Amino acid sequence: MDSEDDMHDANDVESLDDDFYSGETEDIPMDYYSDYDDDADDYFDDGDESDKPESRRSEQNFIILRESDIRQRQGEDISKVATVLFISPEAASILLRHYNWNVSEVHEAWFANEENVRRTVGLPEKPVVQFPNARELTCGICFETYPCSRIKSAACGHPFCISCWEGYIGTAINDGPGCLMLRCPEPSCAAAVGQDMIDQLASVEDKHKYSRYLLRSYIEDNKKTKWCPAPGCEYAVTFDAGSGNYDVSCLCSYCFCWNCTEEAHRPVDCGTVAKWILKNSAESENMNWILANSKPCPKCKRPIEKNQGCMHMTCTPPCKFEFCWLCLGAWSDHGERTGGFYACNRYEAAKQEGVYDEAERRREMAKNSLERYTHYYERWASNQLSRQKALADLHQMQTVHLEKLSDTQCQPESQLKFITDAWLQIVECRRVLKWTYAYGFYLPEHEHAKKQFFEYLQGEAESGLERLHQCAEKELQQYLNADGPSKEFNDFRTKLAGLTSVTKNYFENLVRALENGLSDVDSNGATSSKATSSKNAAGSSSKGRGGRGKGSTRTGGSNKMTDDNV
Amino acid sequence: MASSNLPRRIIKETQRLLSEPAPGISASPSEDNMRYFNVMILGPTQSPYEGGVFKLELFLPEEYPMAAPKVRFLTKIYHPNIDKLGRICLDILKDKWSPALQIRTVLLSIQALLSAPNPDDPLSENIAKHWKTSEAEAVETAKEWTRLYASGA
């Protein structure tokens, strides 16, 4: 434990070691504070170690597109194809639509077999029917004869009169996006009807619809783009696949997963999210009712609805267990001393001390699958609620409080960005925390070590977040209510900014650890080999920190933890 | 009914249907509604419907020819692409409709459908199943129905 390397391990390589393995619980609050007091800059150092996969991951691999961007890109693709293949932009647009707006696929197919592509897409090189000397032609739809000036045709040459074309195109556009693949009305003819004809023959309203469909097609048919799934959001996203991170945050501030378009759900994978959402939709109604109206019998676990009477419960036969509704303890332990029939001092006392045996209850509940699900669902849902509340608070902060605060504390609003940052971090943490409950639900029951480790990490995350939330909500309140500048405001800034940074760091590590499937638990070997591999990259910045007394303590903690679990 | 507000196309089609009827097909507009046609199709030779006379109704909706005509069998028929209400599963009556098609082409297509039932794209599941599991037996039933419901009507 005394070599340089080991210290690196503890401090830099897996910075999650810092917090995850920090040993005794009572150290934790100290860690939080000392970390940001002494070496808050360390956390920023971590971000600079650009060789680490994590920092590559944080590079933005998506671009948000506004409507004007979409039109511009679409236009560029069309003119690219038109230039390379020497065809009209309308023909290029038809080709691109057939090949899902994939420029290179169009080029490839065209140069491999132009004739074949022209046939399937409907771009005949020359008309299949010609009437070079005709002065009048008969429309194939209304059977009327018209002067050639009143007749139009697609590239194939089949003659139809202008008013039949107008009817044909109008009907097609109002039938939906299929109009983008419109063909000549002649049943045996595959010639495409391009945007040039639409522009000449459709009504203003229909032209507008057509152009919407064309825009939508560019996003929806293209494998590299999607619409932001947030209701009412009109931005699209283009995504560069390749890195492991699917999280996309839209300009509308909605975060979603590129892969499954559900709300962003790191560290949980898409499959688990789908399972969880399905499970929730199937069971949430029942679950909500059960949560709101019942408690499980502490002995037989059947849900019990208490609709009247005192706290002395007797479960239905065959269980017949007598227990206290409030503390769920055996009734035999109760009596005058504990508050009689209508209250329970044990419950009140335990609640006040905060030592109510949550873990025990949790373990008991897990015995029954429904109750097990309840446990995770309840917490998943309550973090969801907290997140929504935090979002509302953030909004309130940005629209109302910051301005006021800027006045009373005589600070420019730009100096108050740390408050917004804190709230953004809270919102993000609530999201992560929420998904850790879906993660926990699907964590195999028999992997006790992992489960234990997971719950430990989750618990730490929860308390860290509570600390930040508390500071951003309660402590800020006194400055919001103040009449004039307070001296302590700068201390508050340091504290909140520090908490934000520490919590951010902790949650990033949590996400990473869960995404790795808590592989640190699997074996000692895994931990140390990872440490060695990234050691060099982390080398330079670790020097300064290696000497810290805490480094070795933590390393000790780390090994202890690992040993326990192997 | 006055034909003045009837599109020229419908008038022309009607005239042609009456003056040069397609073999085995007759279609005549109803006296009080020029958009409603009484249709008779003779069962094609060498099909289970041979010898049968099948009555259909055909209606040209307001949007015609931009929308397909509505056609259904009035005579009971045992056919995998025709259900017991006489509705017909035929692509040109739905998404493959084109305004360049006509009443004549639609009726010819229906006649062809009688010659070549397509149990892979069924409207009537039971009949299609029958057709696929034992075609000979299904053809017998079709002949039986033709005799029972479509002879000398």
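Residues numbered from 1 in each chain as written. Chains lettered and ligands numbered in written order. Predicted model: local features only at pLDDT ≥ 70, side-chain atom pairs only at ≥ 80, totals over all residues. Heavy atoms only, no water.

Here we come to the overall build of chain B. What chain B contains, in helices and strands, is 4 helices and 4 strands. Written out in order from the N terminus, the α and β elements of chain B read α-β-β-β-β-α-α-α. A buried classification covers 48% of the 153 residues belonging to chain B. By sequence separation, contacts in chain B at least 24 residues apart represent 54% of the contacts at least 6 residues apart. Accessible surface computed for chain B: about 8100 Å², of which carbon and sulfur atoms make up 52%. (Helix = DSSP H or I, 4+ residues; strand = E, 2+ residues; numbered from the N terminus. Buried < 20%, exposed > 50% of the residue type's maximum accessible area, 1.4 Å probe, protein only. Contact = heavy atoms within 4.5 Å. Areas by Shrake-Rupley, 256 points an atom, 1.4 Å probe, with all protein chains shown as cover.)

Residues and elements named next belong to chain B. Put simply, chain B has an average pLDDT of 90, and 96% of its residues get 70 or more. For chain B, per-element mean pLDDT is lowest for helix H3 (residues 125-133), which scores 85, and highest for strand S3 (residues 53-59), which scores 96. At the level of chain-chain contacts, confidence expressed as ipTM amounts to 0.83, with global pTM at 0.63. (pLDDT = per-residue confidence, 0-100.)

Before going further, it helps to spend a moment on the interface of chain B and chain A. Counting residues at the interface gives 11 residues for chain B, matched by 13 residues for chain A. Summing the contributions of chain B and of chain A, the shared interface buries around 950 Å²; its carbon and sulfur component is 66%. Summed over the shared surface of chain B and chain A, the number is 1 salt bridge. Salt-bridge contacts for Glu 144 of chain A lead to Arg 8 of chain B; the nearest nitrogen and oxygen are separated by 3.5 Å. Counted by class, the side of chain B that touches chain A contains 5 nonpolar, 2 polar and 4 charged residues. (Buried area = accessible area lost by both parts, 1.4 Å probe. Salt bridge = Lys/Arg side-chain N within 4 Å of Asp/Glu carboxyl O. Nonpolar A, V, L, I, M, F, W, Y, C, P; charged D, E, K, R; others polar.)

Moving on: the packing of helix H16 (residues 417-442) of chain A against helix H17 (residues 448-481) of chain A. All names here are of chain A. One can describe the packing of H16 onto H17 by two numbers: an axis separation of 10 Å at closest approach and a directional angle of 155°. It follows that H16 is roughly antiparallel to H17 by the angle criterion. Crossing of H16 over H17 shows left-handed handedness. Contact residues: H16 offers Ile 419, Ala 422, Trp 423, Gln 425, Ile 426, Cys 429, Arg 430, Leu 433, Thr 436, Tyr 437, Tyr 439 and Gly 440, while H17 offers Lys 451, Phe 454, Gln 458, Ala 461, Glu 462, Leu 465, Glu 466, Leu 468, His 469, Ala 472, Glu 473 and Leu 476. Classifying every residue of the contact of H16 with H17 gives 14 nonpolar, 5 polar and 5 charged. (Axes fitted to C-alpha atoms, helices over the stretch in contact; angles between N-to-C directions. Parallel < 35°, antiparallel > 145°, perpendicular 65-115°, else oblique. Left-handed = near helix turned anticlockwise from the far one by under 90°.)

Turning our attention to helix H18 (residues 489-515) of chain A. The periodicity of an α-helix, 3.6 residues per turn, causes residues three or four places apart in sequence to face the same way. All names here are of chain A. For H18, spanning 27 residues, the distance from its first C-alpha to its last is 38 Å, which sits close to the expected 39 Å at 1.5 Å a residue. Counting buried positions over the 27 residues of H18 gives 19, a clear majority of the element. At the C-terminal side of H18, Gly 517 shows a positive phi close to 65°. (Expected span 1.5 Å × (residues − 1).)

Residues and elements named next belong to chain B. Between its first and last C-alpha, helix H1 (residues 8-19) extends 16 Å over 12 residues, near the 16 Å set by a 1.5 Å rise per residue. Within H1, the full set of buried residues consists of Arg 9, Ile 10, Glu 13, Thr 14 and Leu 17. Considered in projection along H1, the buried side chains sweep an arc of 130° and stay on one side of the axis. Opposite the packed face of H1, turned more than 90 degrees from it, sit the exposed residues Gln 15, Leu 18 and Ser 19. (Arc of directions from axis to C-beta.)

Residues and elements named next belong to chain B. According to UniProt, the feature "active site" (unreviewed entry) maps to Cys 89 in the numbering used here. By the element assignment, Cys 89 lies in the loop between strand S4 (70-73) and helix H2 (103-115). Given a relative accessible area of 17%, Cys 89 falls into the buried group. If sequence neighbours within four positions are ignored, Cys 89 has contacts with Asn 81, Lys 94, Leu 113, Asp 121 and Leu 123. (UniProt positions renumbered as here; feature names shortened; annotations may be inferred.)

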